[in-house]
Amino acid sequence: MSYDGRHLLADLFGCSGLDDAALIEGALRDAAAAAGATVLDVRLHAFGPGAGVTGVALLAESHISIHSWPERGYAAIDIFLCGRRHDCDAALAILVARLRAGRVERHLVARGYAAALP
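Attention in this report is confined to the structure presented alongside it. (Residues numbered from 1 in each chain as written. Predicted model: local features only at pLDDT ≥ 70, side-chain atom pairs only at ≥ 80, totals over all residues. Heavy atoms only, no water.)

Our focus in this paragraph is the packing of aromatic side chains. Two aromatic rings, taken as a pair, are described by how far apart their centres are and by the angle between their planes. Scanning the entire structure with this criterion turns up 2 aromatic pairs. With 5.4 Å between their ring centres and 35° between their planes, W69 and Y74 make a pair best called tilted. Residue W69 is classed as partly exposed on the basis of its relative accessible area of 34%. Aromatic ring contacts, followed pair by pair, group F13, W69 and Y74 into a single cluster. One residue, R111, lies across the ring of F80, its end atom 4.9 Å from the ring centre. (Phe/Tyr/Trp six-rings, centres within 6.5 Å; stacked < 30°, edge-to-face > 60°. Buried < 20%, exposed > 50% of the residue type's maximum accessible area, 1.4 Å probe, protein only. Lys NZ or Arg CZ within 6 Å of the ring centre and 35° of its normal.)

As a further point, take the side chain of H63. With respect to the helices and strands, the residue H63 is situated in strand β4 (residues 62–69). Looking at H63, its side chain comes within polar contact range of the side chain of S62, at 3.2 Å. A polar atom in the side chain of H63 sits 3.2 Å from the side chain of D78. Residues contacting H63, with those up to four places away along its chain left out, are H7, V56, A57, D78, I79 and F80. (Helix = DSSP H or I, 4+ residues; strand = E, 2+ residues; numbered from the N terminus. Polar contact = N/O pair within 3.5 Å; in protein donor to acceptor, adjacent residues only side chain to side chain. Contact = heavy atoms within 4.5 Å.)

Our focus in this paragraph is the nonpolar core. Ranked by internal contacts, the top residues of the largest apolar core, which has 28 residues, are L12, L28, I64, I77, I79, L95 and L99. Secondary-structure elements contributing two or more residues to this core are β1 (5–13), α1 (21–35), β3 (53–59), β4, β5 (74–82) and α2 (88–98). The element best represented in this core is α1, accounting for 6 residues. Among all residues touching I79, those that are not within four sequence positions of it are R6, H7, L8, H63, I64, C88, A91, L92 and L95. (Core = buried A, V, L, I, M, F, W, Y, C linked by side-chain atoms within 4.5 Å.)

Encoded structure:
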């Protein structure tokens, strides 16, 4: 049995719209669609006018999440997708474009295991 997953962590700098829950929800949904993932639910918490938003798109294939700090123009992104057919980079590209990130730092982690059956 084998399992293939990718976990993309990204720091977005110089962003705008980080206090706009509707913008962030749309970006999460569109990022999931671009990745070829299935959205089960989207949950957000906005901390108030001018403050950040924490959100997660629950996916059949795992999740995409965001934590934002509009006062710093910074967003932390977490994209975890199972299966080779799903495109983490396409999801990230949507988030970068929607949030108008000026700089992106990304780290991709391969997740998975292989187990031999007796």
